[in-house]
Amino acid sequence: MIAVMVIIATVGSIAAALIGQSALAYQRSISQERGANSAALALDRIVAEVRDMPEDPGGGPAIRRADAGSIQLDDGTVIEVVGTSVMLTKPGDQPAPLCQNVSAFELSYMDAAGAPLRPGDPGTPGATRRVVVRIVSNGVEARALVVPRAGLDWRAGG
Amino acid sequence: MRRSGRTKAFTLVEAIAIVIVLGLAVPATVGMLYDATRQRVQTRQNLEADRFASAILETVLADAYNPDAGLGLDAVTDPAYERLIAPRLGGLAEFYKQRGFAYRIGVSGPVGLDADPASGTEYRYVTATVEWMPAGSTTRSRLSAGVLVTDLPRQAGSVFGPPPPGYQVYQTIDANASWKWKRLGWKAVKDSTALQSGRRSRWLLFIMKFPGTATPSQVGLTVMSRGIGRGKKRGGAGAPSLDFVVSVYDSGTRRWRTQNVRIAAISGEWQTAWFDVGNVSGTGYTIVGWRNARKFRRTGLTVAGIQMAGRQ
């Protein structure tokens, strides 16, 4: 009987460990998927807002403020991180969360030649022609690059 | 009645049965969990590949319409562009490379209805292909996305100057799109959407619609000169002042208005000269021409197009 119990205990512990590890991996993958989906949805919305931002009367995209953690457009649209949430504020609307459980949110800016611009500098909003968005949610990092259409020269051709 | 012998907790047969059941159930359970995880990871990889390809195409688009030196459609169609684009992706190339993604950029030959080189307009289809090894797979996956780019808008957008203060550009007509320019003796300039005066060129016709209500209007002509003389005798770019004739037909008054205008010191760079054509209503037909075709031919005059602006 002792031998039988030893065998069953051994097999049981191995099986439990296997199932436990698999369940942990499964749980992690679900968590990551949730984070990836959340970040993807937020990225898609941010990309759409930045891509279709209004055009400045003097040419180029109409950006009022370009910081590392937020961007404000001339029409009043603001995308920023507040606490652990990325918020979108449209003119006349209350701030709405785009993504929660955000551990990092970063916006970087580049000029027409692809050279990086310093966030927060006074000249950055006017010179920005590309925006890179980085967001980390639930341990999942996602990045996207977007070119504001208002900054493309073909628009000037009418 | 008295029971005999001891009660056994498990017999060997039962133990073997348990082992067999566990042996069957555990791998199946683990396998299912592994498959679910793998599918989730693959879905995430697909999303990332899609985002990477989109970032590449966004950069291609920005570069193709960038009038800066070393960029534009010519740079995008260059075989070296695949390497040149990496530092222009804002760190995304490294980020995705670390995750096992690789990319390729393919550029088609001229496509579309205007692929005729004589038209001077070029359309290319640029494809970004992202490759990666899916989780739990031994074959690489591939995702391709593309975008159509052309040099026509780039040229138009980069050479036309801004309107005079207080005026708004209502219409821009590229010289290449003007009416029957070939028959009028003009020829397309290579690698440009502009037209150069030929032997018989005397005038160009642009049909443009002015605002419906009578409004002070201006006509802008964007020109440059490739230098005085012909062939090897041609000097440096630029020409002295040249006289043009601008005629505007106003459908509101049903009259033509013709005036002589002068652009002083045409340089080797594109410049836009604006001419006041008064109040124009309805549909206007604008003719820009000159009297001394030979003189214009000698100066290598190149016309990018014409614009119409009205008071804001």
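To be clear, the structure that these remarks concern was listed above.
The paragraphs below set out a description of the structure included in this document. Quick caveat: nothing in here was measured; it's all calculated off a predicted structure.

Digging into the environment of B:Thr43
- Note on placement: B:Thr43 falls in helix 1 (residues 12-64).
- Taking the C-alpha atoms as reference, B:Thr43 lies 9.7 Å from B:Ala135; in sequence the two are 92 residues apart.

So, the sheet that holds strand 7 (residues 116-117) of chain A
Residue and element names in this part refer to chain A.
- Strand order in the open sheet made by the 4 strands is 7-6-8-9, with antiparallel pairing throughout. Edge positions in the open sheet fall to strand 7 and strand 9 (140-146), since each of these has one partner strand only.
- Here strand 6 (residues 102-110) pairs with strand 8 (residues 130-137) via 8 bridges, running antiparallel. Bridge assignment links Val102 to a residue of strand 8, and that residue is Ser137.

Digging into unusual backbone geometry
Residues and elements named next belong to chain A.
- A positive phi angle, near 55°, is found at Asn101, a position not held by glycine.
- Along the polypeptide, Asn101 turns up in the loop between strand 5 (96-99) and strand 6.
- Since 16 C-beta atoms lie within 10 Å of it, Asn101 is described here as partly exposed.
- The phi torsion at Asn138 lies on the positive side, around 55°, for a residue other than glycine.

What about helix 1 (residues 2-51) of chain A?
- End to end, helix 1 of chain A covers 71 Å across 50 residues, agreeing with the expected 74 Å (1.5 Å per residue, within 8%).
- Those residues of helix 1 of chain A that fall on the buried side of the exposure criterion are A:Ser29, A:Gly35, A:Ala36, A:Ser38, A:Ala39, A:Ala40, A:Ala42, A:Leu43, A:Ile46, A:Val47 and A:Val50.
- Residues of helix 1 of chain A that are buried make contact with strand 3 (78-82), strand 4 (85-89), strand 5, strand 8 and strand 9 of chain A together with helix 1 of chain B.

Concerning the nonpolar core
- By size, the foremost hydrophobic cluster in this structure holds 59 residues, and its most contacted members are A:Ala39, A:Leu43, A:Val133, A:Ile135, B:Phe52 and B:Ile56.
- Per-element accounting of this core gives the leading share, 9 residues, to helix 1 of chain B.
- The next biggest cluster of nonpolar side chains, apart from the first, holds 19 residues, and it includes B:Tyr167, B:Val223, B:Met224 and B:Ile266.

Focus on the sheet that holds strand 3 (residues 141-150) of chain B
All names here are of chain B.
- Taking strand neighbours across the sheet as the criterion, the 3 strands line up as 1-2-3 in an open arrangement whose pairing is antiparallel. Lying at the two open borders of the sheet, with one neighbouring strand each, are strand 1 (102-107) and strand 3. Averaged over all pairs of adjacent strands, the angle between strand axes in this sheet comes to 20°, irrespective of strand direction.
- Both strand 1 and strand 2 (residues 123-132) contribute to a ladder of 6 bridges, which runs antiparallel. Bridged to Val107 within strand 2 is Val126.

How each quantity is defined
Residues numbered from 1 in each chain as written. Chains lettered and ligands numbered in written order. Predicted model: local features only at pLDDT ≥ 70, side-chain atom pairs only at ≥ 80, totals over all residues. Helix = DSSP H or I, 4+ residues; strand = E, 2+ residues; numbered from the N terminus. Pairing = 2+ DSSP bridges. Buried ≥ 20, exposed ≤ 12 C-beta atoms within 10 Å, placed from the backbone. Expected span 1.5 Å × (residues − 1). Contact = placed C-beta atoms within 7 Å. Core = buried A, V, L, I, M, F, W, Y, C linked by C-beta atoms within 7 Å. Axes fitted to C-alpha atoms, helices over the stretch in contact; angles between N-to-C directions.

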